[in-house]
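# Structure assessment
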Amino acid sequence: MGYGLNFENERNGFMGNRKPIKTKVKDIIDYWIQYIDECDSNFDWSEADKVCWRCGYERKLYRCHIIPDSLGGKDEPSNFVLLCSQCHEEAPNVEDRQFMWDWIKSLHAPFYNTSFRIRALEEYEKIYHKRFEEELADRNIITDHALYKFWNLKVGRTSYHFGHPYGNISTITGNYKMHLDAFDKKYPNGKYLDDLDILLEKSFESLTDSICRLSTKYTYSVWEGATRNPYSLCISAFYPDARRHYGISIRMLRDGTYKMCFTRETNPNNIPRKNYTIEIGSKPDEILDRIEKEIQNFNAQYGKVYERKPFYFVVSPYWRRKNEGVE
Ligand SMILES: [Zn+2]
């Protein structure tokens, strides 16, 4: 087949007396790519042979009938979707093509691997009569940074690792509860940061997002500082003619203003704080304009940027997700 899929387990037959499916995976993808916009699905079409079309998990996939064989559904591309075994078991067996797609899209989540998490959130609310999001908000766990730290807290073990495809809903829910307990132990005053620092962190995240967007325009990479240089980032690229990296690093101070420096480092954790000597204020638009102007100066001086996909070593899950597509 050569399409990265293994069908040895395809078990939508009844007691094995079903005739084998002839329609190829590739033909199913080629068919639906014409009709389904990836904006409202859980996968990119480039990965349609690897991730379940409903839950978005990277799993072994099965060809699932839209209209069941037993109801006269045909063995042709338009009558199949690709689902993991769990979604396949839950899939509707009705004579209604639109319902299958409504059902698939009902789990649409903004990022990958989140559909089971959404169901675990519902489970949490059933058990504790409080929305999990509310638990997070009460603790100021509302920024990407806070969530990143929250999910990286050490918690009691479960029989799967977080993010593993085969955790069931109650296990994921229990994992959430353990994270909350671990958080409360680590932050006895009950908050991740005070409200003012949360605002600063949010503004830094929003600026980082804009800078990542800018970086795609110029094929630059972005690296965010962590423990050694928090609230900093480098935006840089390699110039083959000059045989060097050129870039800019910015750093947010405690009062919300920014300082900048020129650097050949890609990693801001390697830049001493005293290097940041150029004050660039606190207004996102002005900071972005300044960065763009400096990039244009580099381009004018050093020629073309080496063409490659930029990387994003940042906290934002959106940009980290983009990273995964980079070889
Ligand atoms: Zn699935």
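Note that the structure is a prediction, hence the values are computed from the model and not measured.

The next subject is the overall build of the chain. Of the regular secondary structure elements, the chain holds 10 helices and 8 strands. Expressed as a percentage of its 327 residues, the buried residues of the chain come to 29%. Counted over contacts in the chain with a minimum sequence separation of 6, partners at least 24 positions apart contribute 56%.

The phi dihedral of threonine 219 is positive, around 55 degrees, even though this residue is not glycine. Relative to the helices and strands, threonine 219 is located in the loop between α8 (195-218) and β3 (221-224). When the 15 C-beta atoms within 10 Å are taken as the criterion, threonine 219 is described as partly exposed. Its identity is not glycine, yet arginine 243 carries a phi of approximately 55 degrees, on the positive side. Tracing the backbone shows arginine 243 in the loop between β4 (232-239) and β5 (244-252). Given 8 C-beta atoms within 10 Å, arginine 243 falls into the exposed group.

Now for the environment of tyrosine 218. Here tyrosine 218 is to be found in helix α8. C-beta crowding within 10 Å serves as the criterion here: with 16 such atoms nearby, tyrosine 218 is assigned to the partly exposed category. In this structure, the C-alpha to C-alpha distance between tyrosine 218 and asparagine 299, residues 81 residues apart in sequence, is 9.2 Å. The residues touching tyrosine 218, leaving out its near neighbours within four places in the chain, are Ala237, Ile295 and Val305.

Bringing the sheet that holds β5 into the picture now. Within a sheet, each strand pairs with its neighbour through backbone hydrogen bonds, oriented either parallel or antiparallel. Pairing is mixed across the open sheet formed by 6 strands, whose spatial order is β7-β6-β5-β4-β3-β8. Sheet topology places β7 (278-281) and β8 (312-313) at the edges, where each strand pairs with a single neighbour. Of the pairings in the sheet, the one linking β4 to β5 comprises 8 bridges and is antiparallel in character. Note that in β5 the partner of phenylalanine 238 across the bridge is histidine 245. The strands that helix α9 (residues 284-302) touches are β4, β5, β6 (258-263) and β7; relative to β5, the one it contacts most, it runs at about 170 degrees.

Within the largest apolar cluster, 30 residues are counted, with the highest numbers of intra-cluster contacts made by Cys52, Trp53, Val81, Leu82, Leu83 and Cys84. Counting only domains with at least three residues in this core, you end up with domain 1 (25-105) and domain 2 (115-186). Formed by 29 residues, the second largest nonpolar core is a distinct cluster that contains Trp223, Met252, Met260 and Ile287.

Tracing the sequence through the fold places serine 206 in helix α8. Taking the C-alpha atoms as reference points, serine 206 and serine 316, 110 residues apart in sequence, are found 9.6 Å from one another.

Turning our attention to helix α6 (residues 144-151). By the burial criterion, the buried members of α6 are Asp144, His145 and Ala146. In this structure, the buried residues of α6 make contact with α8 and α10 (317-323).

A separate point is the packing of α8 against α9. Close contact between α8 and α9 brings their axes to 11 Å; oriented N to C, the two are set at 25 degrees. One element, α8, and the other, α9, form an angle in the roughly parallel class. Here the hand of the crossing between α8 and α9 comes out right-handed. Along the contact surface, α8 presents Ser206, Leu207, Ser210, Ile211, Leu214 and Tyr218, while α9 presents Pro284, Ile287, Leu288, Ile291, Glu292 and Ile295. The class makeup of the residues in the contact of α8 with α9 is 9 nonpolar, 2 polar and 1 charged.

All right, on to the pairing of β3 then. Of the two faces of β3, the one lined by Ser221 and Trp223 and the one lined by Val222 and Glu224 are each fully buried. Both β3 and β4 contribute to a ladder of 4 bridges, which runs antiparallel. Directly across from serine 221, in β4, lies its bridge partner serine 236.

Next up on the list: the confidence of the model for the chain. Mean pLDDT over the chain: 84, with 85% of residues reaching 70 or higher. Counting contacts from residues 1-17, a segment whose pLDDT is below 50, to residues more than four positions away or on other chains yields 18 contacts.

Conventions used here
- Residues numbered from 1 in each chain as written.
- Predicted model: local features only at pLDDT ≥ 70, side-chain atom pairs only at ≥ 80, totals over all residues.
- Helix = DSSP H or I, 4+ residues; strand = E, 2+ residues; numbered from the N terminus.
- Buried ≥ 20, exposed ≤ 12 C-beta atoms within 10 Å, placed from the backbone.
- Contact = placed C-beta atoms within 7 Å.
- Pairing = 2+ DSSP bridges.
- Axes fitted to C-alpha atoms, helices over the stretch in contact; angles between N-to-C directions.
- Core = buried A, V, L, I, M, F, W, Y, C linked by C-beta atoms within 7 Å.
- Domains from an automatic or database assignment.
- Parallel < 35°, antiparallel > 145°, perpendicular 65-115°, else oblique.
- Left-handed = near helix turned anticlockwise from the far one by under 90°.
- Nonpolar A, V, L, I, M, F, W, Y, C, P; charged D, E, K, R; others polar.
- pLDDT = per-residue confidence, 0-100.

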